[in-house]
Amino acid sequence: MKTTFGRRTRILAATTATAGLVLVAGCSSDGNGGSATKTAAGGVEVVKAGQLTTCTHLPYPPFQSEIDGKVQGFDVSLIDLVAEDLGVKQAIVDQPFENFKTGGSLNAGQCDLAAAGMTITEERKKNVDFSDPYFEATQAVLVDKKSGISSFAGLKGKKVGAQAQTTGEDYAKSKGLDPVSFESSDAVINGLRTGQVQAVVIDYPVVQGWLKDKANAAAFEVAEQINTGEQYGFTVKKGNDKLRDAINKAIKDAKADGTYKKLYEQWIGPYDESAASASPAAS
């Protein structure tokens, strides 16, 4: 996901009780001019009293996007479970992906965690601590049905799009392609729709949700689904073991009691059991 300079940080509603969004300059104060760290249930420290502040980069459906003035999605719903366990509400901050991928937002106390359909990589582990994997992800080659492209191999010599600073872009480059970079998943798909590119390499769950629309499915298709071994994780500041443990517990409980399956079907589509079978992250 591409860094967006000049974009104002936004706190967005993530719960039913709080609709709409509020433009803010930052989120490290406690609302009374102070900046003291607060404590939630279980001794988990939070940057703002009464809430679990989540950094993300919008839009990234079906994991997080604004719907009817409220940020919703699979990631949002899972972190709501964490917030509930901690006795607080979730608040979402929209930022450039680079800000929290590098740990900058977490280290600056702008948010407690990041949730953005983020692939766990060794490089990113140098800057942040990941939760246990919560989703098995694959890449997809999305094309116009009239393109004649039937596989990833068919992209050679074609104009290909990808979302900047994502593993999809990295994968395309690793295979010798020179993809056109787009700032968001919406922009990537719009680039394909408007003919700026002939195909895109993008996370399959994003495509899966987009193709639910009958008009989209009538004109576009997945030429190939590529298993790159990717797993998504939520991130916290290095050493924030209490919050990471709370996130891992919520994920484990949701998988055990059927909540994960219910949310998967709500936001992504027909339940794929392999998506929930990701092994715990190495400590």
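Model, not experiment: these values are computed from the prediction.

### A look at the overall build of the chain
And step 1. Helix and strand content of the chain: 10 helices and 16 strands.
And step 2. In the chain, buried positions account for 50% of the 283 residues.
And step 3. For the chain, contacts bridging at least 24 residues in sequence account for 71% of all contacts bridging at least 6.
And step 4. Surface accessibility of the chain: about 12600 Å² in total, with carbon and sulfur atoms responsible for 47%.

### Some remarks on the packing of helix H1 (residues 74–86) against helix H10 (residues 259–267)
And step 1. Packing of H1 against H10 leaves a shortest axis separation of 9 Å and a crossing angle of 155 degrees. Put simply, H1 runs roughly antiparallel to H10. For the crossing formed where H1 meets H10, the hand is right-handed. On H10, the residues touching Phe74, Ser77, Leu78 and Leu81 of H1 are Thr259, Tyr260, Leu263, Tyr264 and Trp267.
And step 2. Its residues assigned to classes, the contact of H1 with H10 comprises seven nonpolar, two polar and no charged.

### Side note on the confidence of the model for the chain
And step 1. With 83% of its residues at a pLDDT of 70 or more, the chain has an overall mean of 84.
And step 2. Averaged pLDDT values over the elements of the chain bottom out at 30 in strand E2 (residues 21–23) and peak at 98 in helix H9 (residues 241–257).
And step 3. Under a pLDDT of 50 for its full length, residues 1–11 has, in the predicted model, 46 contacts with residues more than four places off or in other chains.

### Observations concerning the packing of aromatic side chains
And step 1. Following the criterion strictly, the structure yields 18 aromatic pairs and no others.
And step 2. Ring centres of Phe63 and Phe74 lie 6.1 Å apart, and the angle between their planes is 75 degrees; on these two criteria the pair is classed as edge-to-face. In this pair, Phe63 sits in the loop between strand E5 (51–56) and strand E6 (65–67) while Phe74 sits in helix H1, placing the two residues 11 residues apart along the sequence. You'll find Phe63 and Phe74 in the same group, each marked buried.
And step 3. For the ring pair Phe74 and Phe135, a centre distance of 6.2 Å and an interplane angle of 65 degrees mean the geometry is edge-to-face. Taken together, the residues span a long stretch of sequence, with Phe74 in helix H1 and Phe135 in strand E11 (residues 135–144) at a distance of 61 residues. No difference in accessibility class separates Phe74 from Phe135, as the two residues are buried.
And step 4. Ring-pair connections join several aromatic residues into one group, and the members of that group are Tyr60, Phe63, Phe74, Tyr134, Phe135, Tyr232, Phe234, Tyr260, Tyr264 and Tyr271.

### Points about the nonpolar core
And step 1. By size, the foremost hydrophobic cluster in this structure holds 45 residues, and its most contacted members are Leu52, Phe74, Leu86, Phe135 and Phe234.
And step 2. In this structure, Phe234 is in contact with Asp75, Leu78, Ile79, Leu113, Ala114, Ala115, Asp129, Phe130, Ser131, Tyr134, Ile247 and Ile251, ignoring residues within four places of it in sequence.

### Concerning the environment of Glu273
And step 1. Along the chain, the position of Glu273 falls in the segment after H10.
And step 2. Separated by 137 residues in the primary sequence, Glu273 and Glu136 have C-alpha atoms spaced 9.7 Å apart.

What counts, and at which threshold
- Throughout this document, residue positions are counted from 1 along each chain, in the order its sequence is written.
- Totals for whole chains, interfaces and linings use all residues, but because this is a predicted model, local features are given only for residues with pLDDT of at least 70 and pairs of side-chain atoms are given and counted only at 80 or more.
- Hydrogens are left out, water is left out, and the side-chain values use all remaining heavy atoms of the structure.
- Only DSSP runs of H or I reaching four residues or more are called helices, and only runs of E reaching two or more are called strands; each is numbered from the N terminus.
- Using a 1.4 Å probe on the protein chains alone, a residue whose accessible area is under 20% of its type maximum counts as buried, one over 50% counts as exposed, and one in between counts as partly exposed.
- Any two residues having at least one pair of non-hydrogen atoms within 4.5 Å are treated as being in contact.
- Using the Shrake-Rupley algorithm and a 1.4 Å probe, accessible areas are obtained, with residue cover drawn only from the displayed protein chains.
- For helices, the fitted axis covers only the stretch in contact; all axes are lines through C-alpha atoms, and the angles between them, taken along N-to-C directions, range from 0 to 180 degrees.
- By the definition adopted for this analysis, an angle is roughly parallel if under 35 degrees, roughly antiparallel if over 145, roughly perpendicular if from 65 to 115, and oblique otherwise.
- Working rule for handedness: look at the near helix, and if it is turned counterclockwise from the far one by less than a right angle, call the crossing left-handed; if clockwise, right-handed.
- Three residue categories are used. Nonpolar comprises Ala, Val, Leu, Ile, Met, Phe, Trp, Tyr, Cys and Pro, charged comprises Asp, Glu, Lys and Arg, and polar comprises the others, including Gly.
- Known as pLDDT, the predictor's confidence for each residue is given on a scale from 0 to 100.
- Any two of the Phe, Tyr and Trp rings considered here, Trp counted by its six-membered ring, make a pair once their centres fall within 6.5 Å; the pair's planes then place it as stacked at under 30 degrees, edge-to-face at over 60, or tilted in between.
- Here, the term nonpolar core denotes a set of buried Ala, Val, Leu, Ile, Met, Phe, Trp, Tyr and Cys residues that are joined through side-chain atoms within 4.5 Å.

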